[in-house]
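Structural overview
Chain by chain, the residues:
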Amino acid sequence: LHLFSSHFVDYSRDDVKDFISKYRNKYYTEPNKYAFQGFDIGMLFFKALKTYGPSFENCIDKISGTYLQSKYDFYTSGQGNGYENRELNIFRYFDYDLLDARTSKKLGLTKKGNN
C-alpha cells in the first residue's frame, strides 16, 4: 500500500531521534505533529531569513529543503499568484513498517526514486 501526505516522520532517521530526545528532555512528553511541524516551518523560514534577509518573501521560490517531517520546494505559476509547495511525501507499508517509498533501504532502493 502506497500513500501520500504533505508530512511524514521517518522515526529511523538520526535527526528525528535527536529531536525526539531533546523534546522529551525539555517538555517531559512526546512531540506531536505540531511540534514537528513547528520545527520544520521555523527552520525553513529562519534559513530563508538568514540567507535572503528581511525581504525573503521575494525569494520564496529559491527556498527548498528536507526537514523532520516535511519537504519544501516552492514555485509560482506567475506573478501575483502566490506560491505552492510542490514536494510530497510518498510512503509505503512494508513488513509492518511505514517507510519512505522513495528512499528506504528496506525496500531495496539504491537511489532516490528507484524501485
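Residues numbered from 1 in each chain as written. Predicted model: local features only at pLDDT ≥ 70, side-chain atom pairs only at ≥ 80, totals over all residues. Heavy atoms only, no water.

**Quick look at the pattern of salt bridges**
Side chains carrying opposite charge are able to pair once their charged atoms draw close together. Worth spelling out the cut-off: The term salt bridge refers to a pairing of a side-chain nitrogen on Lys or Arg with a carboxyl oxygen on Asp or Glu at a separation within 4 Å. Between buried and exposed lies partly exposed: a residue is buried under 20% and exposed over 50% of the maximum accessible area for its type, with that area taken using a 1.4 Å probe on protein chains only. A helix here means a DSSP run of H or I that spans at least four residues, while a strand means a run of E at least two residues long, and both kinds are numbered starting from the N terminus.
In the structure shown here, the tally under the stated rule is four salt bridges. Of the charged contacts in the structure, one is a salt bridge between Asp 15 and Arg 13, with a shortest N-O distance of 2.5 Å. Under the relative-accessibility criterion, Asp 15 is labelled partly exposed at 36%. The partner of Asp 73 in a salt bridge is Arg 86, with the nearest N and O atoms 3.2 Å apart. Linking Asp 73 in strand β3 (residues 71-75) with Arg 86 in the loop between β4 (84-85) and β5 (89-94), this pair joins segments that are 13 residues apart in sequence. We classify Asp 73 as partly exposed; its relative accessible area is 21%.

**Some details on the packing of aromatic side chains**
What counts, and what does not: Centres within 6.5 Å make a pair out of two Phe, Tyr or Trp rings, where for Trp the six-membered ring is used; the pair is then stacked when the planes are under 30 degrees apart, edge-to-face when over 60, and tilted otherwise.
Summed over all chains, the structure comprises nine aromatic pairs. The interplanar angle of 90° and the centroid separation of 6.3 Å between the aromatic rings of Tyr 11 and Phe 36 together place this pair among those described as edge-to-face. Highlighted residues: Tyr 11 in the loop between β1 (2-5) and α1 (14-27) and Phe 36 in helix α2 (residues 33-52), separated in sequence by 25 residues. Measuring from centroid to centroid gives 5.8 Å for Phe 45 and Phe 56, while their planes differ by 45°, and the two rings are tilted. Of the two residues, Phe 45 sits in helix α2 while Phe 56 sits in the loop between α2 and β2 (64-66), which places them 11 residues apart along the sequence. The exposure class of Phe 45 is partly exposed, given its relative accessible area of 27%. Cluster of aromatic residues (ring-pair linked, three or more members): Tyr 11, Phe 19, Tyr 23, Tyr 27, Phe 36 and Phe 39.

By themselves, these observations are geometric and do not establish any function.
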